[in-house]
Each structure stands twice: as structure tokens, then as C-alpha cells.
Amino acid sequence: MAMQGRRLSRTEVLAWNEPWSYTDRVWITAALDAIPNGVCVLPPSGGYIGVWSNDHRALVIRPGYLVWPGRPVVKGPPARPVPGHAKG
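Let me begin by describing the structure that accompanies this report. (Residues numbered from 1 in each chain as written. Predicted model: local features only at pLDDT ≥ 70, side-chain atom pairs only at ≥ 80, totals over all residues. Heavy atoms only, no water.)

Digging into helix α2 (residues 22–33)
Next, step 1: When the terminal C-alpha atoms of α2 are compared, their 16 Å separation across 12 residues agrees well with the 16 Å that a helix rising 1.5 Å per residue should span.
Next, step 2: By the burial criterion, the buried members of α2 are I28, A31 and L32. Looking down the long axis of α2, one finds its buried residues gathered within 100 degrees of arc, a one-sided arrangement. The exposed set on the far side of α2, more than 90 degrees from its buried face, consists of Y22, W27 and D33.
Next, step 3: Looking at the buried side of α2, the elements it contacts are α1 (10–15), β2 (39–42), β3 (49–53), β4 (56–62) and β5 (65–67). (Helix = DSSP H or I, 4+ residues; strand = E, 2+ residues; numbered from the N terminus. Expected span 1.5 Å × (residues − 1). Buried < 20%, exposed > 50% of the residue type's maximum accessible area, 1.4 Å probe, protein only. Arc of directions from axis to C-beta. Contact = heavy atoms within 4.5 Å.)

Shown next as C-alpha cells:
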């Protein structure tokens, strides 16, 4: 899959969805910091921002959540304890 669309600066990424809260922007900044050599691209559809690293899509930023391709979407802590983890 190739990067297609307009490249965005970090400032443009953080301003892309005006309703984001301060905390949303902190999470997005942390996600961007975790991706080495990340390139942010807004595709022609304009529905999300893809973050690419080494020719692979490493992150998808959507108005309501972050998606790490190949991993499930996490919207909060699990409703019950994670199997195999001891209680603290």
C-alpha cells in the first residue's frame, strides 16, 4: 500500500479535528512520538490521517480513535480482568 494524499505537519495533524480535547491531542502527540520517521498523510477522502513509517502504515488517526493496524481497537480498559494477569 502506498502513501497517497497530502502530507501534513504535526501542527496540521493536531488541528485536523477541531473538537478534539486537550487530552485527545496529548494522546495523539504520544502516538506520533512512538513512530520513528513518521510521515502523516491525509488521503483524498479526508476521512482519516495515515501515519507511515518505512513504507508501512503504522497508525490511523480518525476523529474518535486511533488504530494501530494489525491490532484491535482499544477504547478503554477491559470490562473484566485480563486472563493470566495476577490481581494487584
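Quick look at the pairing of β4
Next, step 1: Across five bridges, β3 lies against β4 in antiparallel orientation. Looking across to β4, one finds that G50 is bridged to V60.
Next, step 2: Between β3 and the antiparallel strand that follows it, β4, lie two residues; N54 among them carries a positive phi value of about 50 degrees.
Next, step 3: Bridging between β4 and β5 involves three bridges; their strand directions are antiparallel. Bridging across to β5, V60 finds its partner in V67.
Next, step 4: Linking β4 to β5, which pair antiparallel, is a turn of two residues. (Pairing = 2+ DSSP bridges.)

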